[in-house]
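Here is what each chain is made of, one letter per residue.
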Amino acid sequence: MRFNPTNPLIIQGDGSVLVEVHSPRYSEARDLLARFAELEKSPEHIHTYRITPLSLWNAASAGMKFAEIRAGLEEYTKYDIPYHVLVNIEESLGRFGRVVLLPGPSDHLLLEVHDRHSAREIALNKGVIAQTAGAVREGLFRVPLGNRGTIKQALLKMGYPVDDRAGFVKGAPLEVRLRDRSVSGRPFALRHYQREAVTTFHRSGGAEGGHGVVVLPCGAGKTIVAMGVMAECRTQTLILATGISAVRQWIREVLDKTWLTPEDVGEYTGEEKQVRPVTVTTYQILTHRGERDGDFTHLGLFTAADWGLIVYDEVHLLPAPVFRITADIQARRRLGLTATLVREDGREGDVFTLIGPKRYDVPWKELEGKGFIAEARCHEVRIDLPPADRMIYAAADERAKYRISAENPWKMRVVAELLKRHAEDRVLIIGMYLDQLQEIARRFKAPLITGKTPNAEREVLFDAFRRGEIKVLAVSKVANFSIDLPDANVAIQVSGTFGSRQEEAQRLGRILRPKEADAWFYSVVTRDSREQHFAHNRQLFLTEQGYSYYIEEWDEDRGIRPVTASPGLPASA
Amino acid sequence: MDPTNSSSSRPPAEGELTDPLRQYFRSCPLELLVAYRNRYLGGDTSLDGGEAIAEAMAQAFGHRKRLRTILEELDKAHHLALIALIQSGGVAGGTWLLQELCLAHGRTEDAWLHTMHDLGRALLVFGNSRQAPPLFYVMPRVLSDQISPFYRKRLQLPGVQGEIRLSKDTNYRHPVGFSLVSFLAYLEQKPVRVTQKAEIFKKSLEEMIGFFSHLWGASEAQKVFDWHRALLEDLGLLVVDDTVLTTDRAAVQDWLALEPAVRRDLYLDAFIRHEPLIEWLLNRLAEIGQDEWVPIKLLNLMYRRCYMGSVFHKRFVRKTYYLPPSGFYNPNPPMEYLQLAGLVERGLGAEGSYVRLSESGRSFLKGAPLGEAEIAEGVRFYVQPNFEVMVPAGMRLDSVYKVGQIAEMTAVDRMNTYTITRDSVRDALDRGWRRDELLEFLGKASAAGLPQNVRSTVEDWMGDHGEVEFHDALVITIRSDREDDVMDLLRKRRSTAIRLGPGVYAIPREDRDAVLRALRGKGFEPSPWVHRYDREAPAGEAPTRLQELAARAAAGTGRAQPELGGDEMEYPVRQLVVLQPPSAETTAPEEQQQGTVAVNGDGRAIASMVNDMCRKPGAAGSGDLLKMSPGKTADLLRAAISRGHDVEILYRTPAEESVTGSTTGLLRVTPKVLREHQGVAFVDAFDHKRHQENQFIIKKIQGIRLARE
């Protein structure tokens, strides 16, 4: 077996690729891998990428060839490359471009298959043939315009990714220009990676571009990339976001950084039903039904205007009905934005087919290194259960045990110490149990935002926090998604749902916006309890994402202290 | 004797080897010496005494130029036959050799029979019986040694360079040492249930093979698995404990602690037990240049001759001529076994398959243990903050094993993945890891230390475990006035010695002998006895399989000897017969008759009868017990009856039970009369074993030969 210990890549037999971060050749190898493999996890020393058919088709759509991938892997590999891995890569790559969707003469598109064997295989597949309007000749099929999405889905099921070059409708024109200085008075320009993302997506308006996904970490400015794309496309745009707070944040951003006026930008939510040249809506409203089995009430929004561009925010959360309607609007440009292509429901294939291939990706460590996103430090503070609660805990059932440990009264004292430690910072205290949050709000005189807090009141509190009038804000899980609090740099998590990785990522995302101070993310956990068991899962998730994670402990006599020497504690610690 | 690796890689110099030659010729009977004289000394009748002829012949064969001249008189076929016989170690079954020559070089068996007869007339090759072909062709070792150097190039494997690429589907690219240790770690963590026949249940087997398939390659994973299991069982590292296949942990630890050279010998020993000629094969391949390949066809040919030569040699020496059923011997080189061991690799070229030693194979032959060529200095594992331990191939094997004791193995590949869990930590403590030792190992042996969050959590998991611990060490006590001297000595030797109290130290058990030697070397006189505190002193623990093997490897016993020749006395010249003409009907010319000397007294009487049954040489099997049709068996019995000879027969009852009771499976009988009853032919014969007359159905006689007087 060949063995080159100084190289950073370990190509495993299952198609995963491990990268040694400490290798001097790490950066080059990472840049290579990012083009055709998905980053699966990135704990401190060894990162795991996975080469999948989808990741390879994404690479192929960007013009990458097998020889280039092979040469790159051979250049950086530590051991021999498993033969079957190379075979699989070549085979998967070879499938991209074998089936191309082209503009047709009139009301049809043309599906061209560039391989005789594949053409016969496709011709025998009932699912695919049902989506066509017959064959022109062997290897060339007519496809009704309305079946553009569904035939791509059917072909992907067969293992044939479609290179969609059928082009897009222009949409109603809309002049979108970016400001040099934002309305709030700050200088504004696209950063280099945002500009690259825009260019790579748009491809000068050609049919090979105009649809796809841009992957950027939280806080890296995905909204700004979308505005850059809008400026290039110059067309009316529909933006789909995850919730009402996110909708308003989008509107604020668009108005702040473009020359569009409030009359140009509309909110289509449960509270407002404005359809304007740029309309921002939520996934929830699009998937709303009057009755349980009734029709979706607001799907008409997709055809309410001549949209030339549809932006899907947090595309990894895209609900199934939106996929369905997306299949019907394949003639419109589509931009997906996300921090991760990995979906909990495994529908990455639908994202590839219906939104488009990954167009741009940049490792978050690179952005963190350049100061574009904050460096987060995760700390877990372990505390004992007060003696009085120990017997109650021991006798409780499993579910109650979790709650008892989550609501450990000593957590208040830990929070007090942490607030003292971060007296100059903007702190979010995040919890799951209202009683506990109310106690925190009362004790630390912090405003509380829960699900029952009206939107208007939330906005007022968020504004006050942004302006620095409020330094500590207690929030329930409503704050998990898309609240932009650019100045928050400390989060203290006092309780959470049962080890949800999604929740953990979103909570951490709240403090990753770029700022001068580092970001601190604390979890206060009861030792030797059900809570610690679940906290362990969260710990695994965060470390797999590449965050540094330190354990501290607290006791009545000595307060918070590192278990062993903990590097990087703030000066006040 | 290893004909292709003769110590004399050049033609002998003047006077060389004359002593063995002298000895050989002196041992020849006078008739044979006369034949030699007539053939090679011009019939010089002035040399009339045995001693004089022997001396002259020794001089003649010891003289390089004269020997070259003798060999130059032979034609190409003679050379090929001589080479084949030398490659077979000087002994080869008669029919087998003819067939082998046909297979390798074409021509008919009859043609080769004549060629061999020519060599017989040249008194270079003999037989051991008077039929043609004889049961065995034999070339006395001294002649073979003398002639081999002239064929030096043709006796070696040729190295080939050129457009030969590594074959991807027949080479196993897994790192062998790493794979073996990972396999052990898997079984320690997940002992698998086995049937009463020690076969792994299908579900467990599939699970296990699936687990390793990324490392081994999915298509051949079963073969690699079988190889791993067989080798580790052979080394005593795997045991079937009741109904579970698991490791012998003590043996594994001993194995990993062995000196590399001993570990290497153990591997080689195991290989040789699997196939005695493996060392010979590896050495032949090692003679080829590093960038060169050997055509597999030529390797097969050479191995086949060597292999069958060793078989015939044993049977010749033991006089067991009964040939086992076809398929019993496998004269193909165990290439797959060596490929699975990572020692050889195959290549494909325009003209077929090639083979060569891999880098691992070369290291192995230089004394490195199996797979140690894959180990690189400074390769370490990583403990990640997400509790994963990433163990790369190329790391020290004992460290790979230790990680497997501490963390749960979750994936095996070029870089293994383990996860540290609460259970795995508690298991490690139960297995004898000490708290501090465990943390120190993870911290110091890993490439980037132990992440703070992992350390804290592991400490939490360990809880109070380990407050009281048992230690396994050897305690040495030192008189207070000598304590400093002894400790100085141990420090200089860099021996581990942990002070337990005044004059009381703990040392690793395995250091006992070394410490004892060191102390004695410095004038101390410690007793070799270890004071034991067992309730009842054990009579002596049964040594593990590994200990036994290590002792055998160290002593150099246990290893099968690939030597092919053995002692000259194993086939004394007096037992050899000058080769007979190819057919009894052939009237030998005068010159030939002159050379046909019956060396053993009874040979001539038997010869004509044997010739009767050997008109078709193939019918005689491989120069062994004759397997003939009932008709021919009856003919032979008639001939034996008419000449009053005994025969040896292999005879079985209908239940296929041997009635002979003899260890060789043969029954000596004196045939009296052939008869027939209701269509069944049988012979009345005196059974020498039971001392009574019996009837033997002829068609049930599975083998027959004339008995020696």
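Source: prediction; values computed, not measured.

Colleague: Teacher, can you tell me more about the packing of helix α2 (residues 53-61) of chain A against helix α13 (residues 348-355) of chain A here?
Modeller: Geometry of a packed helix pair, given as the angle between the helix axes and the separation of the axes. All names here are of chain A. At a minimum axis distance of 10 Å, the contact between α2 and α13 shows a crossing angle of 20 degrees. Classified by the angle between their axes, α2 and α13 sit roughly parallel to one another. Helix-helix and strand crossings are classified by hand; for α2 and α13 the assignment is left-handed. Every residue of α13 that contacts α2 at L54, W57 and N58 is listed here: E348, G349 and F352. Here the contact of α2 with α13 is built from residues that sort into three nonpolar, two polar and one charged.

Colleague: For this particular structure, what's the right way to read the pattern of salt bridges?
Modeller: Side chains carrying opposite charge are able to pair once their charged atoms draw close together. Applying the stated criterion to the full structure yields 71 salt bridges over all chains. Here E439 of chain A ties to R442 of chain A by a salt bridge, and the two come within 2.8 Å at their closest N and O atoms. Here E439 of chain A pairs with R442 of chain A, and both are found in helix α18 (residues 434-444), just three residues apart, close to one helical turn. Residue E439 of chain A is classed as partly exposed on the basis of its relative accessible area of 24%. R305 of chain B is the salt-bridge partner of E100 of chain B, the closest N and O atoms lying 2.8 Å from each other. Here E100 of chain B, found in helix α6 (residues 94-105), pairs with R305 of chain B, found in helix α16 (residues 296-318); they are 205 residues apart in sequence, far enough to count as distant.

Colleague: Quick question: what am I supposed to make of the sheet that holds strand β21 (residues 692-697) of chain B here?
Modeller: Backbone-to-backbone hydrogen bonds join strands into a sheet, with any given pair of strands oriented parallel or antiparallel. Residues and elements named next belong to chain B. In space, the five strands of this open sheet follow the order β21-β20-β19-β18-β22, with antiparallel pairing throughout. What marks the edges here is a single partner per strand, and that holds for β21 and β22 (701-706). Here the average twist between neighbouring strands, direction ignored, is 35 degrees. Across three bridges, the pairing between strand β18 (residues 647-651) and strand β19 (residues 667-677) is antiparallel. Directly across from E648, in β19, lies its bridge partner R668. Where helix α28 (residues 630-643) meets the sheet, it contacts β18, β19, β20 (680-687) and β22, and its direction lies at approximately 115 degrees from that of β19.

Colleague: Is there a simple way to explain the domain arrangement of chain B in this structure?
Modeller: Often, the extent of an interface is quoted as the loss of accessible area on bringing the components together. According to the domain assignment, chain B consists of domain 1 (3-155), domain 2 (376-462), domain 3 (473-539) and domain 4 (588-706). For domain 1 of chain B versus domain 3 of chain B, the distance between C-alpha centres works out to 63 Å.

Colleague: Mind showing me how you'd approach the confidence of the model for chain B here?
Modeller: Residue and element names in this part refer to chain B. Across chain B, the average pLDDT comes to 79, with 81% of residues at or above 70. Confidence drops under pLDDT 50 across residues 537-541; counting only partners more than four residues distant or on other chains, this segment forms one contact. A low-confidence stretch, residues 557-570 stays under pLDDT 50, and its non-local contacts, those more than four residues away or across chains, total 36 contacts. Complex prediction metrics read pTM 0.74 and ipTM 0.82.

Colleague: Can you walk me through the interface of chain B and chain A in this structure?
Modeller: Taken together, the contacts link 30 residues of chain B with 34 residues of chain A. Summing both sides of the interface, chain B and chain A together bury roughly 2900 Å²; the carbon and sulfur share of this comes to 58%. Per-residue buried area on chain B facing chain A is highest for Y382, R414 and Q452 of chain B; these three make up 21% of the total on that side. Linking chain B with chain A are three salt bridges, by the criterion used here. At the boundary of chain B and chain A, one finds 14 residue pairs in polar contact (both at pLDDT 80 or more). The set of elements that each furnish at least two residues to the side of chain B that touches chain A consists of β11 (382-383), β12 (388-392) and α22 (452-462) of chain B. Counting residues per element, the side of chain B that touches chain A draws most heavily on α22 of chain B, at eight residues. Across the side of chain B that touches chain A, the residue classes break down as 13 nonpolar, eight polar and nine charged.

Colleague: I'm lost on the sheet that holds strand β18 (residues 427-430) of chain A in this one. Help?
Modeller: Residues and elements named next belong to chain A. Spatial ordering of the open sheet is given by β19-β20-β18-β21-β22-β17-β23-β24, a layout of eight strands whose pairing is mixed. The sheet terminates laterally at β19 (448-449) and β24 (559-562), the two strands that pair on one side only. Relative to strand β20 (residues 472-475), β19 is paired through two bridges, and the arrangement is parallel. Bridge pairing links L448 to A474 in β20. Across the sheet, helix α17 (residues 411-421) lies against β17 (376-383), β18, β20, β21 (490-493), β22 (519-526), β23 (548-555) and β24, angled at about 165 degrees from β22, the strand it touches most.

Colleague: For this particular structure, what's the right way to read the side chain of T450 of chain A?
Modeller: By the element assignment, T450 of chain A lies in the loop between β19 and α19 (455-467). Setting aside anything within four residues of it in sequence, one finds T450 of chain A in contact with L434, R458, S476 and V478 of chain A.

Colleague: Mind showing me how you'd approach the environment of I641 of chain B here?
Modeller: Residue and element names in this part refer to chain B. Inspection of the secondary structure puts I641 in helix α28. Under the relative-accessibility criterion, I641 is labelled partly exposed at 27%. I641 sits 385 residues away from L256 along the chain, and the two C-alpha atoms are 67 Å apart. Excluding anything up to four places from it in sequence, I641 contacts P671, K672, V673 and L674.

Colleague: Can you walk me through the packing of α17 of chain A against α18 of chain A in this structure?
Modeller: Residue and element names in this part refer to chain A. For the pair α17 and α18, the least separation of the axes is 11 Å and the interaxial angle reads 45 degrees. The angle between α17 and α18 falls in the class oblique. Pair α17 / α18 crosses with right-handed handedness. Between α17 and α18, the residues in contact are K411, M412, V415, A416 and L419 and Q436, E439, I440, R443 and F444, respectively.

Colleague: Hey, could you run me through a negative patch on the surface in this one?
Modeller: All names here are of chain B. Taken together, the side chains of E408, D423, D427 and D430 define an acidic patch exposed on the protein surface. It is helix α20 (residues 422-430) that contributes the most residues to the negative patch, three residues altogether. Topologically, E408 is positioned in strand β13 (residues 408-411).

Here is what the cut-offs are and how they apply
- Residues numbered from 1 in each chain as written.
- Chains lettered and ligands numbered in written order.
- Predicted model: local features only at pLDDT ≥ 70, side-chain atom pairs only at ≥ 80, totals over all residues.
- Heavy atoms only, no water.
- Axes fitted to C-alpha atoms, helices over the stretch in contact; angles between N-to-C directions.
- Helix = DSSP H or I, 4+ residues; strand = E, 2+ residues; numbered from the N terminus.
- Parallel < 35°, antiparallel > 145°, perpendicular 65-115°, else oblique.
- Left-handed = near helix turned anticlockwise from the far one by under 90°.
- Contact = heavy atoms within 4.5 Å.
- Nonpolar A, V, L, I, M, F, W, Y, C, P; charged D, E, K, R; others polar.
- Salt bridge = Lys/Arg side-chain N within 4 Å of Asp/Glu carboxyl O.
- Buried < 20%, exposed > 50% of the residue type's maximum accessible area, 1.4 Å probe, protein only.
- Pairing = 2+ DSSP bridges.
- Domains from an automatic or database assignment.
- pLDDT = per-residue confidence, 0-100.
- Buried area = accessible area lost by both parts, 1.4 Å probe.
- Polar contact = N/O pair within 3.5 Å; in protein donor to acceptor, adjacent residues only side chain to side chain.
- Patch = residues over 30% accessible without salt bridge, like charges linked within 9 Å, V, L, I, M, F, W, Y side chains within 5 Å.
- Areas by Shrake-Rupley, 256 points an atom, 1.4 Å probe, with all protein chains shown as cover.
- Lys, Arg positive; Asp, Glu negative; His and termini not counted.
- Charge placed at Lys NZ, Arg CZ, Asp CG, Glu CD.

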